[in-house]
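In case you want the letters, here they are:
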Amino acid sequence: MKVLAIDTSNLVMGIAVLDEGKVLGEYITNLKKNHSIRVMPAIEQLLKETGVKPAELNRIVVARGPGSYTGVRIGVTIAKTLAWTLKIDLVGVSSLEVLAQCGKYFNGFTVPLFDARRTQLFTGLYGQHENGVFQNLWEDQIILLDSWLTKLQETNEKLLFIGNDLPIHQETISEVLGSQAVFGQVSDHNPRPSELGRIGMDRDPEDIHTFTPSYLQLAEAEVNWLKSQGK
Amino acid sequence: MIKDEIILAIETSCDETAVAIVKNGTELLANVVASQIESHKRFGGVVPEVASRHHVEQITIVIEEALNKAELEPADLTAVAVTEGPGLVGALLIGVNAAKAFAFAHGLPLVPVHHIAGHIYANRLVKEMTFPLLSLIVSGGHTELVLMEEHGSFKVIGETRDDAAGEAYDKVARTLNMPYPGGPHIDKLAQEGEATIDLPRAWLEPESLDFSFSGLKSAVINTVHNATQRGEVIKPEDLAASFQASVVDVLVEKTYRAANRFDVKQVLLAGGVAANKGLREKLVVRFKETDFDLVIPPLHLCTDNAAMIAAAGSVAYQKGTRADMALNGVPGLDLEAQ
Ligand SMILES: [Zn+2]
């Protein structure tokens, strides 16, 4: 099975091509540059380098968010269009789950995070389930840093924090959690598209037409409108 | 035998997700438009973030429907055209990236199109263009007079200095407590009223072909305000008729002057406000018994659609215009740089 994995959900842009038991190629940048301009050329180049033609692909796996609304939409739009028009499977994977993967052998729980502004985080809790499989334990959410740390404290487990936005919050996390908190190193913070592709290989395909990003929150105008309706 | 040129076009610059397929530049094979207007009505205007979300939900459905209607496969296509700009950046990005992915998947050439060029070229689906021609473009975001000496050449000879005509309509409609979008409501109301209220017409400098509608908009708001303070009742029908008369007078007269000054053969109406009955009627009257060939496209080609992008894309394709996979949505794209 030949898989193309696409992640444009945050600043890190990642593309990977996998073939059965092999990661054929991976392209990762962590730059504040426009995904809309760079992602299709990156896909074009990586497929060319790995000798895979679009028509030979069997599956597209995309990071569906949370993250930058615009960023997520670019990847999801490309993934939906490619999968639909090539008549192949589409799989969506949480962007937090992809980021969490570098904690999969960590003895404790893993906390991937993206800053969501106004002291909020996009985050979730990941770790080994009783069945020994590394997976999501507490669902992805948008939450205030303080409330999240209070909840995490109660796990009584070592917590590995990962994400390029850690510097914004690391001090507060250390203050609250002390030695319970472990921080990933500089090379751990980029979500790897090969992990995205690997996870997506085993998941059930989505309905392409109705597939949407995981924004984890409504558009601001929707929130205000619902309020005005007394809902 | 010469192979037919078949272009699939995608347009997502504002609140319509649209895909069309056009054969040899003029023959419409499919024209699918998924409008979001019902969703934006509750906000009283288009919300960019909401528009972008809807585009992602609709994009593959609309492409599929267009191909099904035309009974074509991607392999039958010659090229993919897409609106590069201007428009809402987040909305443009969906169309641009879908177009790139689609073109890449099938090894098709990609042709970027200017949204306003598209509006003008909607006319080519109705009647062949004869040059030089003048086009009056009126929409929610644009009020422009564009001179074309030949295919693919655009010169803006007049434009609005403040609000677009459509914007003025929406704002006045809000003053009259009418739902969004205001244009059609005012147009309808105006048909039932008399233009009895004196409202200003912004002619600007004698030679100018530019427009200005913000003064008119303020005059309407003041008229309503003053009447309310004096306890008088203004018939909304009359106010709508007066406002419409003021807008249409200036639009039609400046178009007529420009047509004479540049001695054009054809005069084209384009853009969403071209659906306005008052404007269409007045244009027809003004250009009757002149040598100018006035072309007004049917309503479904005036509002945003992808057929117009395909029509403009066909000409661009023939001229060799191509984009690579780095194409981006450009919210402030310049028409004359095309
Ligand atoms: Zn338009």
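Residues numbered from 1 in each chain as written. Chains lettered and ligands numbered in written order. Predicted model: local features only at pLDDT ≥ 70, side-chain atom pairs only at ≥ 80, totals over all residues. Heavy atoms only, no water.

Sorry if this is basic, but what is going on with the domain arrangement of chain A here?
Size of an interface, as often reported, equals the accessible area lost when the parts are brought together. All names here are of chain A. On domain assignment, one finds that chain A holds domain 1 (2–95 + 191–227) and domain 2 (96–188). For domain 1 and domain 2, the distance between their C-alpha centroids amounts to 23 Å. Taken residue by residue, the interface counts 18 residues in domain 1 and 13 residues in domain 2. The contact between domain 1 and domain 2 buries some 1400 Å² in all, and 57% of this surface belongs to carbon and sulfur atoms. For the pair domain 1 and domain 2, the interface holds two salt bridges. For Glu-97, the salt bridge identified is with Arg-203, shortest N-O distance 2.6 Å. At the boundary of domain 1 with domain 2, the tally comes to nine residue pairs in polar contact (both at pLDDT 80 or more). Per-element accounting of the side of domain 1 that touches domain 2 gives the leading share, four residues, to helix α6 (residues 193–201). (Domains from an automatic or database assignment. Contact = heavy atoms within 4.5 Å. Buried area = accessible area lost by both parts, 1.4 Å probe. Salt bridge = Lys/Arg side-chain N within 4 Å of Asp/Glu carboxyl O. Polar contact = N/O pair within 3.5 Å; in protein donor to acceptor, adjacent residues only side chain to side chain. Helix = DSSP H or I, 4+ residues; strand = E, 2+ residues; numbered from the N terminus.)

Would you take a moment to explain the sheet that holds strand β5 (residues 110–114) of chain B for this structure?
Within a beta sheet, neighbouring strands are joined by backbone hydrogen bonds and run either parallel or antiparallel to one another. Residue and element names in this part refer to chain B. In spatial order, the strands read β3-β2-β1-β4-β5; together these five strands make up an open sheet with mixed pairing. Across the chains shown, the open sheet's two edge strands, defined by having one partner strand only, are β3 (27–35) and β5. Averaged over all pairs of adjacent strands, the angle between their axes in this sheet comes to 20°, without regard to strand direction. Inspection of the sheet shows strand β1 (residues 6–11) paired to strand β2 (residues 16–23) by six bridges, in the antiparallel sense. Of the residues in β2, the one forming a bridge with Leu-8 is Ile-21. Against the sheet, helix α3 (residues 89–106) touches β1, β4 (79–85) and β5, its axis set at about 160° to β4. Across the sheet, helix α11 (residues 307–318) lies against β1, β2, β3, β4 and β5, angled at about 125° from β1, the strand it touches most. (Pairing = 2+ DSSP bridges. Axes fitted to C-alpha atoms, helices over the stretch in contact; angles between N-to-C directions.)

Hey, could you run me through the sheet that holds strand β2 (residues 12–19) of chain A in this one?
Residues and elements named next belong to chain A. Sheet architecture is open: five strands sit in the order β3-β2-β1-β4-β5, paired in mixed fashion. In this open sheet, the two strands that pair with only one neighbour each are β3 (22–30) and β5 (89–93). Averaged over all pairs of adjacent strands, the angle between their axes in this sheet comes to 15°, without regard to strand direction. Pairing geometry for strand β1 (residues 2–7) and strand β4 (residues 59–63), over four bridges, is parallel. Along β4, the bridge assignment pairs Leu-4 with Ile-60. Packing against the sheet, helix α2 (residues 69–85) makes contact with β1, β4 and β5, and its axis sits at approximately 165° to β4.

Just to check I follow, could you spell out the packing of aromatic side chains for this structure?
Each aromatic ring pair is described using two quantities: the centre-to-centre distance and the angle formed by the ring planes. Inspection of the entire model under this criterion finds 10 aromatic pairs over all chains. Aromatic side chains Phe-211 of chain B and Phe-213 of chain B sit 6.2 Å apart centroid to centroid with 10° between the ring planes, which places their arrangement in the stacked category. An identical accessibility class is assigned to Phe-211 of chain B and Phe-213 of chain B; each is buried. For the pair Tyr-256 of chain B and Phe-292 of chain B, a centre-to-centre distance of 6.4 Å together with 85° between the ring planes defines the contact as edge-to-face. Highlighted residues: Tyr-256 of chain B in helix α8 (residues 236–261) and Phe-292 of chain B in the loop between α9 (277–287) and β10 (293–295), separated in sequence by 36 residues. A single burial state applies to Tyr-256 of chain B and to Phe-292 of chain B, both of which are buried. Among the aromatic side chains, those forming a connected cluster through ring pairs are Tyr-256, Phe-287 and Phe-292 of chain B. Taking the ring centre of Tyr-69 of chain A as reference, the NZ or CZ of Arg-53 of chain B above it sits at 4.7 Å. (Phe/Tyr/Trp six-rings, centres within 6.5 Å; stacked < 30°, edge-to-face > 60°. Buried < 20%, exposed > 50% of the residue type's maximum accessible area, 1.4 Å probe, protein only. Lys NZ or Arg CZ within 6 Å of the ring centre and 35° of its normal.)

For this particular structure, what's the right way to read the packing of helix α5 (residues 165–175) of chain B against helix α7 (residues 214–229) of chain B?
Helix-helix packing is described using two parameters, namely the angle between the two axes and the distance between the axes. All names here are of chain B. Look at α5 against α7: their axes get within 10 Å of each other, and the N-to-C directions meet at 10°. Between α5 and α7, the angle is such that the two are roughly parallel. Contacts from Lys-171, Val-172 and Thr-175 of α5 reach α7 at Lys-217, Val-220, Ile-221 and Val-224. Considering only residue class, the contact of α5 with α7 consists of four nonpolar, one polar and two charged. (Parallel < 35°, antiparallel > 145°, perpendicular 65-115°, else oblique. Nonpolar A, V, L, I, M, F, W, Y, C, P; charged D, E, K, R; others polar.)

So what exactly am I meant to see when it comes to the coordination of the zinc ion here?
Tetrahedral coordination by four donors places them ideally at 109.5 degrees to one another around the metal; octahedral coordination by six donors ideally gives 90 or 180 degrees. All names here are of chain B. Bound to the zinc ion on the protein side are His-115 (NE2), His-119 (NE2) and Asp-304 (OD), at distances that span 2.1 Å. Expressed as a motif, the donor residue spacing for the zinc ion is H-x3-H-x184-D. Of the two residues, His-119 is situated in helix α4 (residues 115–121) and Asp-304 in the loop between α10 (299–302) and α11; the sequence distance between them amounts to 185 residues. A single burial state applies to His-119 and to Asp-304, both of which are buried. (Donors = N, O, S within 2.8 Å, 3.2 Å for Na, K, Ca; no water.)

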